[in-house]
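As a plain string of letters, each chain reads:
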Amino acid sequence: MQVAEHETALDVTRELSDFLEHRREQIAQRWAEAALFRTVFTVSRDEAVEACKAVVDALAEVARTGRLEDLRAPGFDSVREQLGRMAASRAKAGYTPSQIAGEVAGLREPVTALLRAEYDDPADPRAQAGEIALTILVGTLRLVVMETTVDAGEELIARQRQQLLEVATPVIRLWDGVVAVPLIGTLDSARSQIVMESLLEAIVDQRARYAILDITGVPTVDSLVAQHLMKTVAAARLMGAECIVSGIRPAIAQTIVQLGIDLGTIITRAGLSDALAYALSQQGIVVSPRPAAGGSAR
């Protein structure tokens, strides 16, 4: 009994596949008028039609295998990137994932109309079975688009987060051979890696002999933050630069002592200006204050 039902189901999906292949041109022409395709492929209508044909071909391939509810069916692989582009384009236009899903669901009606026209009697069991199979198939397509939309959104968020980390950790050239990284906010593992990479690149590009890590804007220093700082200092030394940590406030100094963190091997200074003065003095550079207005130099 189960074997017979399985074979019947395969017959239905194969008929659906044959229908999609046979009506490929008509379906593509109708879909090309849908906002989902029309607003993405704006160069020419022919471009939209070709994109529609690729999706129809994918659906036909999925139907041929009988895997109507499988998001990982091989047929979807060929159009997954294209569907992602379409979903991303609609998302950029301000559409929510549910609205995009609604547009995909709207693709079913034009195909259903063509499918009904294939049968003299709409009440024909084969016609009804074909409509059910088509509904399931378009529903799976909808889920594929939703999945690609979410993936694209996560990739965008990851890229933006990386860009924000890079912007939040600039490396500044203070003097010939002296660079500085003013740190503001929490120093976690991801950001520490960005700091280290940016600083090492700056040391090479600027041929810096001294690198200043200013933590004035870091709210708290715990053992993890101290470990990140020490790793950065060690990496800078390997690149031939001496690292100076500045901006250790009294409260942070007390915390470091209470935690038993040993920063004895790291050069520290109270502020950024003190760290710069130290780096300059180590290079034999003396900065003298400008004489007061109206005064005479002796």
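Note that the structure is a prediction, hence the values are computed from the model and not measured. Residue positions within a chain follow its written sequence, with the count starting from 1. It should be noted that, the model being predicted, local features are given only for residues of pLDDT at least 70 and side-chain atom pairs only at 80 or more, the latter also being counted only at that level, while totals for whole chains, interfaces and linings use all residues. Calculation of side-chain values draws on the structure's entire complement of heavy atoms; hydrogens and water are dropped beforehand.

Draft legend 1. Layout of the sheet that holds strand β4 (residues 242-246). For two strands to count as paired, DSSP must find a minimum of two bridges between them. Here a strand is any run of E in DSSP of at least two residues, a helix any run of H or I of at least four, and the numbering for each starts at the N terminus. Taken in spatial order, the five strands make up an open sheet running β1-β2-β3-β4-β5, and their pairing is mixed. Of all the strands in the sheet, just β1 (172-175) and β5 (267-269) have a single pairing partner and so form its edges. Strand-to-strand twist of the sheet, defined as the mean angle between neighbouring strand axes without regard to direction, takes the value 30°. Taken together, the five bridges between strand β3 (residues 210-217) and β4 define a ladder with parallel strand orientation. Axis lines are fitted to C-alpha atoms, over the contacting stretch for helices. Their N-to-C directions set the angle, which ranges from 0 to 180 degrees.

Draft legend 2. Representation of the nonpolar core. Working definition of a nonpolar core: buried Ala, Val, Leu, Ile, Met, Phe, Trp, Tyr and Cys residues. They are joined through side-chain atoms within 4.5 Å. Only protein chains enter the calculation, and the probe is 1.4 Å; a residue is then buried if its accessible area is under 20% of its type maximum, exposed if over 50%, and partly exposed in between. Formed by 44 residues in total, the largest nonpolar core has its most connected members in Leu-20, Trp-31 and Phe-37. Among the secondary structure elements, those contributing two or more residues to this core are α1 (2-22), α2 (24-31), α3 (35-38), α4 (45-65), α5 (74-92), α6 (97-105), α7 (108-116) and α8 (125-167). Broken down by element, the residue count for this core peaks at 11 residues, all from α4. Not counting residues within four places of it along the chain, the set of residues in contact with Trp-31 comprises Phe-37, Cys-52, Val-55, Val-56, Leu-59, Leu-107, Pro-110 and Val-111. Of all hydrophobic cores here, the second largest spans 29 residues; its members include Val-181, Ile-215, Leu-229 and Ala-241. Two residues form a contact once any of their heavy atoms are found within 4.5 Å.

Draft legend 3. Geometry of the packing of aromatic side chains. Paired rings are identified among Phe, Tyr and Trp, the last through its six-membered ring, by centres lying within 6.5 Å, and are further divided according to the angle between planes into stacked (under 30 degrees), edge-to-face (over 60) and tilted (the rest). Tallied over the full model, the rule gives one aromatic pair. Arranged with centres 6.2 Å apart and planes meeting at 10°, the rings of Trp-31 and Phe-37 form a pair that is stacked. In this structure Phe-37 comes out as buried when scored by relative accessible area, which is 1%. Placement of a charge over a ring requires the Lys NZ or Arg CZ to be within 6 Å of the ring centre, with the centre-to-atom vector within 35 degrees of the ring normal. The lysine or arginine in question, Arg-90, covers the ring of Tyr-95, its NZ or CZ lying 3.9 Å from the ring centre.

Draft legend 4. Fine view of unusual backbone geometry. With a phi angle near 50°, Arg-207 is a residue other than glycine that sits in the positive phi range. Tracing the sequence through the fold places Arg-207 in the loop between α9 (189-206) and β3.

Draft legend 5. Here's a closer look at the environment of Leu-114. Take Leu-114: it is sitting in helix α7. Distance from Leu-114 to Val-286, taken between C-alpha atoms, is 86 Å for residues 172 residues apart in sequence. With residues near it in sequence (within four places) discarded, Leu-114 still touches Phe-19, Gln-26, Ile-27 and Arg-30.

Draft legend 6. Examining α7 more closely. Every buried residue of α7 is accounted for by Val-111, Thr-112, Leu-114 and Leu-115. The arc that holds every buried residue of α7, seen down its axis, measures 165°, which confines them to one face. Comment: arc refers to directions from the helix axis out to C-beta atoms.

Draft legend 7. How the structure looks around the pattern of salt bridges. Note on definitions: salt bridges are taken to be side-chain nitrogens of Lys or Arg within 4 Å of carboxyl oxygens of Asp or Glu. Within the structure shown, the criterion is met by 15 salt bridges. Glu-25 is the partner of Lys-53 in a salt bridge, and the nearest nitrogen-oxygen pair spans 2.8 Å. Residue Lys-53 is found in helix α4, and its partner Glu-25 is found in helix α2; the two are separated by 28 residues along the sequence. Residue class for Glu-25 comes out partly exposed when judged on its relative accessible area of 35%. Note that Arg-80 and Glu-147 form a salt bridge whose closest N and O atoms lie 2.8 Å from each other.

Draft legend 8. Geometry of the environment of Leu-71. Within the secondary structure, Leu-71 is located in the loop between α4 and α5. We classify Leu-71 as partly exposed; its relative accessible area is 22%. As for Leu-71 and Ala-253, which are separated by 182 residues in sequence, their C-alpha atoms are 56 Å apart. Apart from residues no more than four positions distant in its own chain, Leu-71 is found in contact with Phe-76, Arg-80, Thr-140, Leu-143, Val-144 and Glu-147.

Draft legend 9. Representation of the packing of α4 against α5 in the model. Relative to each other, α4 and α5 sit at 155°, their axes nearing to 7 Å. Here α5 runs roughly antiparallel to α4, going by the angle between their axes. Remark: the crossing between α4 and α5 carries left-handed chirality. Facing Ala-51, Ala-54, Val-55, Ala-58, Leu-59, Glu-61 and Val-62 of α4, the residues of α5 in contact are Pro-74, Gly-75, Phe-76, Ser-78, Val-79, Gln-82 and Leu-83. Looking at the contact of α4 with α5, its residues break down into 10 nonpolar, three polar and one charged. With respect to orientation, any angle under 35 degrees is reported as roughly parallel, any angle over 145 as roughly antiparallel, any angle of 65 to 115 as roughly perpendicular, and every other angle as oblique. The handedness criterion is simple: a crossing whose near helix is rotated anticlockwise from the far helix by less than a right angle is left-handed, and one whose near helix is rotated clockwise is right-handed. Under the scheme applied, nonpolar residues are Ala, Val, Leu, Ile, Met, Phe, Trp, Tyr, Cys and Pro; charged residues are Asp, Glu, Lys and Arg; polar residues are all the others, including Gly.

Draft legend 10. Geometry of the pairing of strand β2 (residues 178-184). Among the seven residues that make up β2, five are buried, leaving the element largely enclosed by the rest of the structure. In this sheet, β2 lies alongside β1 in antiparallel orientation, the contact comprising three bridges. Bridged to Ile-172 within β2 is Ala-180. Connecting the antiparallel pair β1 and β2 is a turn made up of two residues, with Gly-177 showing a positive phi of about 85°. In this view, the connection linking β2 to its parallel neighbour β3 by way of α9 has right-handed handedness. With the strands pointing away from the viewer, any crossover whose connection runs clockwise from the first strand over the helix to the second is right-handed.

Draft legend 11. Summary view of the packing of α9 against helix α10 (residues 223-238). Contact geometry for α9 and α10: axes closest at 10 Å, N-to-C directions at 20°. Our classification of the angle between α9 and α10 gives roughly parallel. With respect to the hand of their crossing, α9 and α10 are arranged in right-handed fashion. Side by side, α9 and α10 meet where Ser-189, Ser-192, Met-196, Leu-199, Leu-200 and Ile-203 of the first sit next to His-228, Lys-231, Thr-232, Ala-235 and Ala-236 of the second. Its residues assigned to classes, the contact of α9 with α10 shows six nonpolar, four polar and one charged.

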